[in-house]
Amino acid sequence: PHAKEMAEYILKKRFKLVLVGGVSGQTAAYMVKAVLKEKGVPIEAMPTFLTLGRANLKQRMPERTGGVYLTPKDIANFLRKKYPHQIKNTNQKLFILEESIESGYAMTKLKKAVKLLGFKKVKTGALTVNPDKKLFLRINFVGAYYRTLTCLWGRRRDALSERKLNKLRETRTRIRKAVKKP
């Protein structure tokens, strides 16, 4: 339900660009795209999703995770190289999408990166957020609040029951399969 609400928020606010934060944000992006397709949004009305691929926004030791540790400046440079035409107009509305925000570390880096690019109309959102971080980070869209987050990757399990966690995993798998089909 939160992905549906986020998709409706993105449509209502008429965001042209959606920046997906790192690996964990990919699942949220799949869900939002699936909802937009299900709603019958024409391709030309769809926002452009900018992804960082396998970028590791949280870990300080990339050799342990196999990811690449990025600073805000690295993120801005990556976006300039990968999406030069899409980010040329910095007057466009941009939405930063995350799956979950617990510490706010990754979201802070993404906000700094888009500021370096010159974007001024930036809003942020996540499917799950630690309530202590909402005001600090000025999050505009929150799907649900959790003190100790249980995200789809199952890092912590004390906020949701095993049954709910399994249901989330099944949903993630179904959405990924649906989005990958031509």
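What counts, and where the lines are drawn
Residues numbered from 1 in each chain as written. Predicted model: local features only at pLDDT ≥ 70, side-chain atom pairs only at ≥ 80, totals over all residues. Heavy atoms only, no water. Helix = DSSP H or I, 4+ residues; strand = E, 2+ residues; numbered from the N terminus. Expected span 1.5 Å × (residues − 1). Buried < 20%, exposed > 50% of the residue type's maximum accessible area, 1.4 Å probe, protein only. Pairing = 2+ DSSP bridges. Contact = heavy atoms within 4.5 Å. Right-handed = clockwise from strand over helix to strand, strands pointing away.

Peer 1: How would you sum up helix H2 (residues 25–38)? Please name residues and give values.
Peer 2: Given a rise of 1.5 Å per residue, 14 residues ought to cover 20 Å, and the 20 Å separating the end C-alpha atoms of H2 matches this to within 8%. Buried residues of H2: Gly25, Gln26, Thr27, Ala28, Ala29, Met31, Val32, Val35 and Leu36, and no others.

Peer 1: Help me get a handle on the pairing of strand E1 (residues 17–20), residues and values and all.
Peer 2: The two faces of a sheet get side chains in turn, since along a regular strand they alternate between them. Judged by which residues are buried, E1 turns out to be covered on both faces: Leu17 and Leu19 on one side and Val18 and Val20 on the other are all buried. Here E1 pairs with strand E2 (residues 48–51) via four bridges, running parallel. Residue pairing for E2: Val20 is matched across the bridge by Thr51.

Peer 1: Please give an account of the side chain of Thr51 that cites residues and values.
Peer 2: Secondary-structure assignment places Thr51 in strand E2. Here Thr51 falls in the buried class, since its relative accessible area comes to 17%. In this structure, Thr51 is in contact with Val20, Gln26, Phe78, Lys82 and Tyr83, ignoring residues within four places of it in sequence.

Peer 1: I'd love a proper account of the pairing of strand E5 (residues 94–101), names of residues and values included.
Peer 2: Buried residues dominate E5, accounting for eight of its eight residues. Here four bridges tie E1 to E5, and the two strands are oriented parallel to one another. Bridge assignment links Val18 to a residue of E5, and that residue is Phe95. The pairing of E5 with strand E6 (residues 122–129) spans seven bridges and is parallel. What sits directly across from Leu97, in E6, is Gly125. Taken together, E5, helix H5 (residues 105–117) and E6 form a β-α-β motif whose crossover is right-handed.

Peer 1: Pulling in residues and values, what's your account of the environment of Pro1?
Peer 2: As for its position among the elements, Pro1 is in the segment before helix H1 (2–12). Note on Pro1: relative accessible area 77%, which makes it exposed.

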